[in-house]
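Coordinates in review
The primary structure of each chain is shown beneath.
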Amino acid sequence: MIKKLPLLFLFFVVNIFAQDKTREEIIQLMAEDTCECIKNDTASFTPDKTMNQKQVALGLCLLKSYNKRKAESVDMKNAGMDDFEALGEEVGLQMVSVCASDFMAIFSDEQLDEIIDESEEQDANTPPPPAPKNDDDLQLEAQLISLSNDAVSYFQVKDAFDKTHTFLIKEQFEGYKLLKKSNYNKAFNIYYKEINMFDLSERKYVKKKVVKYLESID
């Protein structure tokens, strides 16, 4: 029995590594599973079924595959259900290459038009992602001293020469979560750009600082 222990251990290790698939591999397998599911479950995807009914059936196919495959990857197993929506989108895209004809066939022409319209509307309403840090941008090291959430949000900082600077917030940027009162008097590196805006008090266009990226200085 003792002589067999190394072989048992080797089998256990090989089995563990064989089970640990990448996210991309799991997505491919889930796409194949879901394609097979919709192919076999013809009753749930008949022309008389509503869009909502088909989406529910498709979601059940996806969930069934997820429960089957999540144990095959450490990353997937630890991800939990919070990642399920994003995973579903990735699997849906992969299904186009696995079973495009079967996948598209479950929807009527009117339902496909509805999907396209919703997708275009969502794209139009989705703000651009935060810009990455660009070392070519203007930069300033300073301490956060105040926040304001008026009609235009902005924050103020004080530099090493005790000069106060105001930074406008025009859009979401990386590091915006650092802007909170508990971080007052803490040092930050601010990446920004300057834009011309009309200043009513000065009755002319003046340069205003607009934050693009924010990081703390440890």
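Being a predicted model, the structure only gives us computed values, none of them experimental.

**Let's talk about the confidence of the model for the protein chain**
- For the protein chain, the mean per-residue pLDDT works out to 84, and 84% of the residues sit at or above 70.
- By mean pLDDT, the top-scoring element of the protein chain is strand S3 (residues 164-168) (97), and the lowest-scoring one is helix H1 (residues 5-19) (46).
- Here residues 1-5 scores under 50 on pLDDT; set against residues more than four positions off or in separate chains, the count is one contact.
- A low-confidence stretch, residues 7-18 stays under pLDDT 50, and its non-local contacts, those more than four residues away or across chains, total one contact.

**Concerning unusual backbone geometry**
- Here the phi dihedral of Asp 162 falls at roughly 65°; this positive angle occurs in a residue that is not glycine.
- For Asn 185, which is not glycine, the phi dihedral falls at a positive 75°.
- Within the secondary structure, Asn 185 is located in the loop between S3 and strand S4 (187-199).

**Describing helix H5 (residues 84-105)**
- Relative to the 32 Å expected for 22 residues at 1.5 Å per residue, H5 spans just 24 Å between its end C-alpha atoms, considerably shorter than the ideal helical length.
- For H5, the principal kink sits at Cys 99 and spans about 115°.
- Listed in full, the buried residues belonging to H5 are Phe 84, Leu 87, Gly 88, Val 91, Met 95, Cys 99 and Phe 103.

**As for the pattern of salt bridges**
- Applying the stated criterion to the full structure yields nine salt bridges.
- Taking the shortest distance from any N to any O, the salt bridge between Glu 72 and Arg 69 comes out at 3.1 Å.
- Under the relative-accessibility criterion, Glu 72 is labelled buried at 13%.
- Between Asp 162 and Lys 158 there is a salt bridge; the shortest N-O distance is 3.6 Å.
- Its relative accessible area of 29% is what places Lys 158 among the partly exposed residues.

**Points about the pairing of strand S5 (residues 204-216)**
- Bridge count between S3 and S5: two bridges; the pairing is parallel. Note that in S5 the partner of Phe 167 across the bridge is Lys 209.
- Pairing analysis gives twelve bridges linking S4 to S5, with the strands arranged antiparallel. Along S5, the bridge assignment pairs Phe 198 with Tyr 205.
- Linkage of S4 to S5, two consecutive antiparallel strands, is achieved through a turn of four residues, within which Arg 203 is found at a positive phi near 55°.

**A word on a nonpolar patch on the surface**
- A surface patch of nonpolar side chains, about 410 Å² in accessible area, is lined by Phe 198, Leu 200 and Tyr 205.
- Relative to the elements of secondary structure, Leu 200 occurs in the loop between S4 and S5.
- You can call Leu 200 exposed: its relative accessible area is 70%.

**Let's talk about the sheet that holds S5**
- As summarised here, the arrangement of the five strands in space is S1-S2-S3-S5-S4, forming a closed barrel in which the pairing is mixed. Along the sheet, successive strands turn relative to each other by an average axial angle of 55°, direction set aside.

**Description of the state of the cysteines**
- All chains considered together, the criterion is met by two disulfides.
- One disulfide bridge connects Cys 35 with Cys 99, the sulfur atoms lying 1.9 Å from each other. Around the S-S axis, the bridge from Cys 35 to Cys 99 shows a dihedral of about -75° and counts as left-handed. In this pair, Cys 35 is assigned in helix H2 (residues 23-40) and Cys 99 in helix H5, connecting sequence segments 64 residues apart. Considered together, Cys 35 and Cys 99 belong to a single accessibility category, that of buried residues.
- Linked covalently through their sulfurs, Cys 37 and Cys 61 form a disulfide whose S-S length is 2.1 Å.

**What about the packing of aromatic side chains?**
- Considering all chains together, one arrives at six aromatic pairs under this definition.
- Ring plane angle 70° and centroid distance 5.5 Å describe the contact between Phe 198 and Tyr 205, whose orientation is recorded as edge-to-face.
- A residue is classified by how much of its surface remains accessible, and Phe 198, at 48% relative accessible area, is partly exposed.
- For Tyr 205, a relative accessible area of 59% gives the class exposed.
- The structure contains a cluster of three or more aromatic residues connected by ring pairs, namely Phe 155, Phe 167 and Tyr 192.

Analysis parameters
- Residues numbered from 1 in each chain as written.
- Predicted model: local features only at pLDDT ≥ 70, side-chain atom pairs only at ≥ 80, totals over all residues.
- Heavy atoms only, no water.
- pLDDT = per-residue confidence, 0-100.
- Helix = DSSP H or I, 4+ residues; strand = E, 2+ residues; numbered from the N terminus.
- Contact = heavy atoms within 4.5 Å.
- Expected span 1.5 Å × (residues − 1).
- Bend = angle between axes of the 7 residues up to and from the residue.
- Buried < 20%, exposed > 50% of the residue type's maximum accessible area, 1.4 Å probe, protein only.
- Salt bridge = Lys/Arg side-chain N within 4 Å of Asp/Glu carboxyl O.
- Pairing = 2+ DSSP bridges.
- Patch = residues over 30% accessible without salt bridge, like charges linked within 9 Å, V, L, I, M, F, W, Y side chains within 5 Å.
- Areas by Shrake-Rupley, 256 points an atom, 1.4 Å probe, with all protein chains shown as cover.
- Axes fitted to C-alpha atoms, helices over the stretch in contact; angles between N-to-C directions.
- Disulfide = S-S within 2.5 Å.
- Phe/Tyr/Trp six-rings, centres within 6.5 Å; stacked < 30°, edge-to-face > 60°.

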